[in-house]
Amino acid sequence: MTGQPLVRARGLRVSFISREATVTAVNGIDLDLDEGEVLCILGESGSGKSVTLRALLRLNPKGKTVMTGALAVAGHDIMTIPDGRLSAVRGKVVSMIFQEPMTALDPVFTIGYQIAETLIRHEGISRREADRRALELLELVQIPSARRRLGAYPHELSGGLRQRAMIAMAISCRPKLLLADEPTTALDATVQIQILLLLRSLQQELGMGVIFVTHDLGVAGEIADRIAVMYAGRIVELGSTVDVMRQPFHPYTQGLMGATVHSGTRGKRLTTIPGAPPDLRFPFEGCAFAPRCSHASDACRESMPAFRHPGPGRAVRCIRVEDAEIKHSPKRVSAMA
Amino acid sequence: MPELEQAPDRGGPAQPLLIVKGLAKHFPIGSVFRGRQVVRAVDGLDLTIAKRETLGIVGESGCGKSTASRLIMSLIAPTAGEIVFDGEHVGTAGGISLKEYRRQVQMVFQDSYSSLNPRLTIEESIAYGPRVHGIPHAKAVARAKELLEAVGLAPGQYARRFPHELSGGQRQRVNIARALALLPRLIILDEPVSALDKSVEAQVLNLLLDLKEQFGLTYLFISHDLNVVEHVADRVLVMYLGKVAEVGPGDAIFRRPAHPYTSALLASRPSMDPTRRRTEPPLSGDPPNPIDPPSGCRFRTRCALARDICANSAPDLAEIGHAHSAACHAVVPDSGYADSRRMVA
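Remember, predicted model here, so these are calculated numbers, not experimental data.

This part is about the overall build of chain B. Counting secondary structure elements, chain B contains 11 helices and 12 strands. The C-alpha atoms of chain B give a radius of gyration of 22 Å, which matches the 20 Å a tight globule of 345 residues would have. Principal-axis analysis of the C-alpha atoms gives chain B an extent of 70 × 55 × 50 Å. Considering chain B as a whole, with its 345 residues, one finds that 53% of them fall into the buried category. Looking at chain B alone, contacts between residues at least 24 apart form 67% of all its contacts between residues at least 6 apart. Of the charged side chains in chain B, 40 are positive and 37 negative, and the gap between their average positions amounts to 4 Å.

Here it is, written out as structure tokens:
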């Protein structure tokens, strides 16, 4: 490994301020991502997974958001970089794909025009050259009859093709980091797997780092190298995809796995996680999952459990988990595999 | 004092609760400039649901599964076809009246928020149906409280709340309670857990299975999520572009799928094992536009098995096993498929 990781976050906190309440959606996250690595942030609605992703590009609404902590992406200090310079990072070094391509694409311009616009803006090339590159990109994301589709408006494409067009736009400047916010959730099953496989092959081809936000464990299993499980604004479990899916340690991760319907659950009652996530408007002491956890003790309610390291590359915020024998540097949350 | 009563079982256990024959819905679209066109959203749907069974309908967006549910609920008028409920024709002279049918068939929608009146407390929402059917207000509200209890919401805490004061999972419980208020026999569940988080989805699925036992219900369960359908359904019907591709017992559909589309759907599920990831997508492309479906078999444009015959004639649903039917030339003997040439793409 050479020097800095691609993404380095330390004590990242994101709060939203309104007249009624302050909601701390992300409450102290430490995260490292290597170049060319795929990390899935897994969590339910309100866990802070999308807010974390947006924080990496400082996309959360200005004036209503307070970000603290340290955050560096590809050598840029996201906390201090002025707005003017930030737009050179967005799209060029870091780009993003969203869940709903219909709202992320501009409805009044053709797909080809929108891709070329990104290229002209960041690479300073001519329109003719940008058009040629846009065609290559549509072919790269396997859009059939790409030349004809360059002239298509977003509404003329099916959901799968729109998502492919958005991916083409996102990778047009060969970003080092691709952020994906549930890009397959709105798609049909047969199209979802196509997009996942496409993202995987593009990631390998271009060597991008990817942070992929999802609520679907199966999707994470198809694409991620590592999984970070978020609950109530904090990462509660981190490890390689195989480790986390084979042997989850945190009771919340275990609960999620038990609650996921798959072949083999027929006729059985699903194990559920009782209750609901905490209301983040009200600050709480201790482990946020304790009120729903069947193993919770007084110690859980007193203070937020620190990370324990039950194995190489693994970190779990639960006092019931024992540290493994292997020595870990205590500050390094995410040991590299 | 009037009181709602569970409608009697008229036909006996052998009589299917619901029989749908040749149900079709064609939506006119187009304009004076482009001429008249129709979308055949549902094009000749046959199905039966036995008493106390759960029939799952799966399919991708645009396959007509939600239109089918609205047709069965009589929320929209069909272009063709008939519905027989427990041996009685629906909405015709001598059959069951529409009002009575709609009391015995209830529905739960995907969007828990937009299906509740934001200006009514949830106890009023649940009591609304019984009041329409002549139950006095006080009695209907008392019954609403019992139902809230049955779906796991403490009436003392929740009965006077408005929909926006509840979480998505709680609202869906309210919708289920409201569906139960009229003592229905059939509940149509249209993607009831699709908008919920996984941990809440499991709670609601458990609740639905409990209520089915408790009240002796029959479910028509519509979902795009094969895992959920496999979990709840006794029989499964797979739809593709407005037509039935395959129907059969859950076990047969999930273990021995016959139609190539069913196989592809099953193979599109994430593997849940990161060491054995998918390498090839089972299908390429999106489902075609239902305005202009392919000739012959509607799946042929994405089907690896397609031959000339598939473009020339639409396969009928044919029995291929015990209570198991598929609409595919390739799996039905004597269809002429074996003699047909491979399609030249």
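This next bit is on the sheet that holds strand 4 (residues 65–73) of chain A. Strand order in the open sheet made by the four strands is 2-1-4-5 (chain A), with antiparallel pairing throughout. Each having just a single partner strand, strand 2 (22–33) and strand 5 (76–77) of chain A make up the two edges of the open sheet.

The next subject is the interface of chain B and chain A. Contacts between the two partners involve 41 residues from chain B, matched on the other side by 46 residues from chain A. Across the interface of chain B and chain A, roughly 3500 Å² is buried in total on both sides, 52% from carbon and sulfur atoms. Inspection of the region where chain B meets chain A yields three salt bridges. Two residues, Arg266(A) and Asp234(B), come together in a salt bridge whose shortest N-O distance is 3.1 Å. At the surface where chain B touches chain A, the tally comes to 24 residue pairs in polar contact (both at pLDDT 80 or more). Looking at the side of chain B that touches chain A, the element that brings in the most residues is helix 7 (residues 198–215) of chain B, giving nine residues. Counted by class, the side of chain B that touches chain A contains 15 nonpolar, 12 polar and 14 charged residues.

Residue and element names in this part refer to chain B. The antiparallel open sheet is built from four strands, whose spatial order is 2-1-4-5. Strand pairing shows two members of the sheet lacking a second neighbour, strand 2 (35–49) and strand 5 (88–89), which therefore form its edges. Along the sheet face, helix 1 (residues 65–72) touches strand 1 (18–31), strand 2 and strand 4 (80–85) and points at about 115 degrees away from the line of strand 1.

Right, let's get into the confidence of the model for chain A. The predicted model of chain A has a mean per-residue pLDDT of 90, with 95% of residues at 70 or higher. When the criterion is pLDDT under 50, residues 328–337 of chain A qualifies, and its contacts beyond four places in sequence or with other chains add up to 20 contacts.

Another aspect to go through is the side chain of Arg302(B). The residue Arg302(B) is located in the loop between helix 10 (260–267) and helix 11 (308–312) in this model. You can call Arg302(B) buried: its relative accessible area is 9%. Within polar-contact distance, the side chain of Arg302(B) engages the side chain of Tyr240(B) at 3.4 Å. If we ignore the near neighbours within four places in the chain, the residues touching Arg302(B) are Thr190(A), Gln194(A), Glu60(B), Tyr240(B), Leu283(B), Ser284(B), Gly285(B), Asp286(B), Pro287(B) and Pro288(B).

Quick look at the UniProt feature "domain: ABC transporter" (unreviewed entry) in chain A now. Taking the UniProt record as the reference, the feature "domain: ABC transporter" (unreviewed entry) is found at residues 7–257 of chain A. As annotated, residues 7–257 of chain A has a helix share of 39% and a strand share of 27%, and its two end C-alpha atoms lie 28 Å apart.

The next point concerns the pattern of salt bridges. For side chains bearing opposite charge, pairing can occur when the charged atoms are close. In this structure the tally under the stated criterion is 39 salt bridges over all chains. For the salt bridge of Arg226(A) with Glu37(A), the shortest nitrogen-to-oxygen distance reads 2.5 Å. Remark: Glu37(A) occurs in the loop between strand 2 and strand 3 (38–42) and Arg226(A) occurs in strand 9 (residues 226–231); sequence separation between them is 189 residues. Taking the relative accessible area as the measure of exposure, Arg226(A) reaches 5% and is therefore buried. Measuring nitrogen to oxygen at the nearest pair gives 2.9 Å for the salt bridge that ties Arg298(B) to Asp43(B). Of the two residues, Arg298(B) is situated in the loop between helix 10 and helix 11 and Asp43(B) in strand 2; the sequence distance between them amounts to 255 residues. A single burial state applies to Arg298(B) and to Asp43(B), both of which are buried.

A few words now on the pairing of strand 11 (residues 318–321) of chain B. Every regular strand shows the same layout, with side chains that alternate between the two sheet faces. Pairing of strand 11 of chain B with strand 12 (residues 324–326) of chain B, which is carried by three bridges, proceeds in the antiparallel orientation. Across the sheet, the residue bridging to Ala318(B) is Ala326(B), located in strand 12 of chain B.

Here we take up unusual backbone geometry. Glycine aside, a negative phi is what most residues show, and trans is what most peptide bonds show. All names here are of chain A. Of note in this structure, Ser145 is not a glycine but carries a positive phi near 40 degrees. Secondary-structure assignment places Ser145 in the loop between helix 5 (127–140) and helix 6 (146–149). With a relative accessible area of 40%, Ser145 lands in the partly exposed category.

Scoring rules and cut-offs
- Residues numbered from 1 in each chain as written.
- Chains lettered and ligands numbered in written order.
- Predicted model: local features only at pLDDT ≥ 70, side-chain atom pairs only at ≥ 80, totals over all residues.
- Heavy atoms only, no water.
- Helix = DSSP H or I, 4+ residues; strand = E, 2+ residues; numbered from the N terminus.
- Rg over C-alpha atoms; globule rule 2.2 N^0.38 Å.
- Buried < 20%, exposed > 50% of the residue type's maximum accessible area, 1.4 Å probe, protein only.
- Contact = heavy atoms within 4.5 Å.
- Lys, Arg positive; Asp, Glu negative; His and termini not counted.
- Charge placed at Lys NZ, Arg CZ, Asp CG, Glu CD.
- Pairing = 2+ DSSP bridges.
- Buried area = accessible area lost by both parts, 1.4 Å probe.
- Salt bridge = Lys/Arg side-chain N within 4 Å of Asp/Glu carboxyl O.
- Polar contact = N/O pair within 3.5 Å; in protein donor to acceptor, adjacent residues only side chain to side chain.
- Nonpolar A, V, L, I, M, F, W, Y, C, P; charged D, E, K, R; others polar.
- Axes fitted to C-alpha atoms, helices over the stretch in contact; angles between N-to-C directions.
- pLDDT = per-residue confidence, 0-100.
- UniProt positions renumbered as here; feature names shortened; annotations may be inferred.

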